[in-house]
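The primary structure of each chain is shown beneath.
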Amino acid sequence: MKKLFVILALLGAFCARAAITEPIDLKIFGAKCDGTTDDSTAVQAWLTAAAGKTAYASSGTCIARNVTIASNTNLVCGGAGITTFKLPASSAADAVVIKNSDQTAGNTNIHISRCTVDGNKANQTNSGQKGIHFSKVSSSSITFTEVKNVRGGSASCIEWATAADNTSNANNLVAHNYVHDCGTATTTADGLAIGGVGLRIIGNEANDNSDSGVGLQGLGTTDVVISGNRLTGNTLTAIAAGPGTLGSANSHIAITGNTIRGANAYGIYLQAADNFTISGNTVKITGGVTAVSAINCSGCKDGAITGNTVQAASKHGIELYGVAAVTSSKIAVTGNTILNAQQRGISIDTPATAIMREIIIIGNVVLNNSQAAADTDSGIVIGQSGTTTRIIVNGNFSGDNQGVGTQKYGLAIAGTPSALTITGNQFLGNVTAATNGIVSGHNIQANSGYNPVGGSPITVTASPFTYTAGSSPEMVGIYGGTVSSVTVGGTTFASASPTVVSVSPGESVVVTYTGAPTMNKYIH
């Protein structure tokens, strides 16, 4: 008998738990979901009853606005395109289809999956409308959901941000959603506008929105992964992070493995980002806004742009742009392929009062750029009127292999940058020359296509005569005369002529004589 009571008690506990966790169906709350009836009241009653449980909607189009979902609640639909929540026609400004229940204190553990949310923009006249709006929501997710046709107007298909302080949006997942056709010709809308800490934006498709496909918003946005998304035809930018203040926004961001195509403007745009990675993305821009770069990082530091493929940018392929009174430093641009940009392939652009330093440009293929106007722009351009220093350019191919070339120089130096190291590159097939603007004071050697002088005489003046090499390694020949010593770096190499010595960039050879010798140099 005692065993029977134990079994009955356990069975009762199981049944009670089953009653709590069993999905609560929308239809039992009187929702018609016929695409005509306003079901807002029924949908809200359903979500209220399902608080802390799973709310299930099997099929149909439910007209609803400003319905709220509480913490610890799952909203599960029969599938995108099968179950739709649609904003009523002529809804008020700032109307939302679904939002979290407490946008003051915040919510946690809300999950929406397998639904369609329709902003019904063809039947709206007011702006500021959103599909899903979460604010101060953490440990939550939106997955396998379609959000479309939101009118926008400084609003978004999915808006998950708190402008003043995004740290209240933490550890959230937005994955495998289809977000499209939000905004109009007169109203802007991101597909996904999100900010916070510990964000994962993975495997979404964001197409044909009137602002950005994915936009990181506000201050305090850090530890973000944007990976494996496909973004096509967004009017302004495919992936945008900014604006922000250096060190206070857009930190520890990884943008990896995304595919960006069509009439976007910027492909990837970061402003004031630090500790960032942009890697393995494919960016092909056709049409869209003119004169913006495929990958642009303005006022950035401590990051890498690596292994991306960029084609047909409407301005530059990859652009690092200095910001006034900000030091952009410790950035690696490596292993990228940049083809057919309208202007420059890679641009390190330093306007007045900006500082760019400790930048490495290694192992990139930069080919057939300056498509907008032949013989105008170059493959790699470094400098402007600001401070540009400590730049390494190594092992790149920057050239032109078209029947009728367009890329002017393989490498062009603008302004007066300092401490450049340019080694082991191939600058071949460019229209005008391999390089332009290179002056003494840099380390330049072993670049195919670059031979600034070749053999030339050295004018010998009074003994002891000091000759200092320029930016490239040189062979210095000393012939005839009466020479007593030839020293390099304080070490005597010869006590008579003829002799030949090798000198590194910036290194000096000192010749002491009683009868002046003849001296020649050959620059590598």
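First, a word on scope: everything that follows refers to the structure included in this document.

The rules behind each value
Residues numbered from 1 in each chain as written. Predicted model: local features only at pLDDT ≥ 70, side-chain atom pairs only at ≥ 80, totals over all residues. Heavy atoms only, no water. Salt bridge = Lys/Arg side-chain N within 4 Å of Asp/Glu carboxyl O. Helix = DSSP H or I, 4+ residues; strand = E, 2+ residues; numbered from the N terminus. Buried < 20%, exposed > 50% of the residue type's maximum accessible area, 1.4 Å probe, protein only. Pairing = 2+ DSSP bridges. Axes fitted to C-alpha atoms, helices over the stretch in contact; angles between N-to-C directions.

**As for the pattern of salt bridges**
No. 1: All told, the structure shown has six salt bridges when counted by the stated rule.
No. 2: Linking Arg65 and Asp38 is a salt bridge whose minimum nitrogen-to-oxygen distance equals 3.7 Å. With Arg65 in the loop between strand 4 (60–63) and strand 5 (67–69) and Asp38 in strand 2 (residues 34–38), the pair connects residues that are 27 residues apart, well separated along the chain.
No. 3: For Arg65, a relative accessible area of 31% translates into the label partly exposed.
No. 4: Residue Asp38 is classed as partly exposed on the basis of its relative accessible area of 40%.
No. 5: Taking the shortest distance from any N to any O, the salt bridge between Glu358 and Arg390 comes out at 2.9 Å.

**A closer look at the pairing of strand 25 (residues 237–241)**
No. 1: Among the five residues that make up strand 25, five are buried, leaving the element largely enclosed by the rest of the structure.
No. 2: Looking at chain direction, strand 22 (residues 214–216) and strand 25 are connected through three bridges and run parallel. Across the sheet, the residue bridging to Leu216 is Ala241, located in strand 25.
No. 3: Sheet analysis places strand 25 next to strand 28 (residues 266–271), joined by four bridges and oriented parallel. Its bridge partner lying in strand 28, Ile239 is registered against Ile268.

**Some details on the sheet that holds strand 53 (residues 508–515)**
Sheet strands pair by backbone hydrogen bonding; their relative direction is either parallel or antiparallel.
No. 1: If you trace the four strands from one edge of the open sheet to the other, you get 48-53-50-51, paired in antiparallel fashion. Of all the strands in the sheet, just strand 48 (465–468) and strand 51 (491–494) have a single pairing partner and so form its edges. Between one strand axis and the next, the sheet turns through 30° on average, direction left out of account.
No. 2: The pairing of strand 50 (residues 482–488) with strand 53 spans six bridges and is antiparallel. Bridge pairing in strand 53 links Thr482 to Gly515.

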